Amino acid sequence: MLQREAIFPAHRHALYEAHRYSAAIRSGDLLFVSGQVGSREDGSPEPVFEDQVRRAFANLRAVLAAAGCTLDDVVDVTTFHTNPAQQIDTVMAVRSTEIGDAPYPNWTAVGVNWLAGFDFEIKVVARIP
């Protein structure tokens, strides 16, 4: 049976502690990253949407780095949006600067009506090199 190993970035933000979850779980050579939001280290959201999306990617990169991964190791992406029609252009612009060249990871975008005070969340599965 594979062991689970909790992964946290060096400067883990308050949401992990407050809501009792791991930033990521390593199982074998796969890394399952919890949804990352545009939170500051204290857990508060970035107030400007584009900054919130950029911060969510920065938080994601920090979790991936803690496991020895980069965005190039990501194979599956799920994003959650509180107002997809209004937000998608901004998300796509930020995503294009964050995600490298093809082949791109799988991507599923989901519209939701609540993200605990945030407007964007990204969760991924990565293969650990």
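What counts and what doesn't
Residues numbered from 1 in each chain as written. Predicted model: local features only at pLDDT ≥ 70, side-chain atom pairs only at ≥ 80, totals over all residues. Heavy atoms only, no water. Buried < 20%, exposed > 50% of the residue type's maximum accessible area, 1.4 Å probe, protein only. Helix = DSSP H or I, 4+ residues; strand = E, 2+ residues; numbered from the N terminus. Pairing = 2+ DSSP bridges. Phe/Tyr/Trp six-rings, centres within 6.5 Å; stacked < 30°, edge-to-face > 60°. Lys NZ or Arg CZ within 6 Å of the ring centre and 35° of its normal. Expected span 1.5 Å × (residues − 1). Arc of directions from axis to C-beta. 1 Å grid on protein atoms, 1.4 Å probe; cavity = no way out; pocket = protein on both sides within 12 Å on 5 of 7 lines; lining within 4 Å. Points joined across faces, edges and corners; volume = space filled by probe spheres on them.

What exactly am I supposed to notice about the pairing of strand β6 (residues 120-127) here?
Remark: a regular strand shows side chains that alternate across the two faces of the sheet. Where burial is concerned, most of β6 is hidden: 6 out of the 8 residues are buried. Sheet analysis places strand β4 (residues 74-81) next to β6, joined by 7 bridges and oriented antiparallel. Paired with V77 across the bridge in β6 is V124.

Would you mind showing me how to read the packing of aromatic side chains here?
Two aromatic rings are characterised by how far apart their centres lie and by the angle between their planes. Tallied over the full model, the rule gives 1 aromatic pair. Taking the centre distance of 6.3 Å and the plane angle of 25° together, the rings of F57 and F120 count as stacked. With F57 in helix α2 (residues 49-66) and F120 in strand β6, this pair connects stretches of sequence that are 63 residues apart. Residue F57 is classed as buried on the basis of its relative accessible area, which comes to 2%. Taking the ring centre of W107 as reference, the NZ or CZ of R95 above it sits at 4.4 Å.

I tried to follow α2 on my own but got confused; where do I start?
Think of an α-helix as turning once every 3.6 residues; residues three or four places apart then point the same way. In this model α2 runs 26 Å from its N-terminal to its C-terminal C-alpha over 18 residues, within 8% of the 26 Å that 1.5 Å per residue would give. The complete set of buried residues in α2 reads F49, Q52, V53, A56, F57, N59, L60, V63 and L64. In an axial view of α2, the angular spread of the buried residues amounts to 160°, which keeps them on one side of the axis.

For this particular structure, what's the right way to read empty space enclosed by the protein?
Gaps left between atoms are located by rolling a probe of water-molecule size over the structure's atoms. Using the criterion set out here, one finds 1 cavity of 30 Å³ or more in the structure. Estimated volume of the largest cavity: approximately 30 Å³. Around the largest cavity, the lining residues are F57, V77, T79, V91, R95, I99, F120 and I122. Elements with a minimum of two residues in the lining of the largest cavity: β4, α3 (84-98) and β6.

Would you mind showing me how to read unusual backbone geometry here?
Outside of glycine, negative phi angles account for most residues, and trans bonds account for most peptide bonds. Cis geometry is adopted by the peptide bond preceding P103, which originates at A102 and carries an omega value of 5°. Assignment of secondary structure puts P103 in the loop between α3 and β5 (106-111). In the Ramachandran plot, A116 falls in the positive-phi region, its phi being about 55° despite a non-glycine side chain. Inspection of the secondary structure assignment puts A116 in the loop between β5 and β6.

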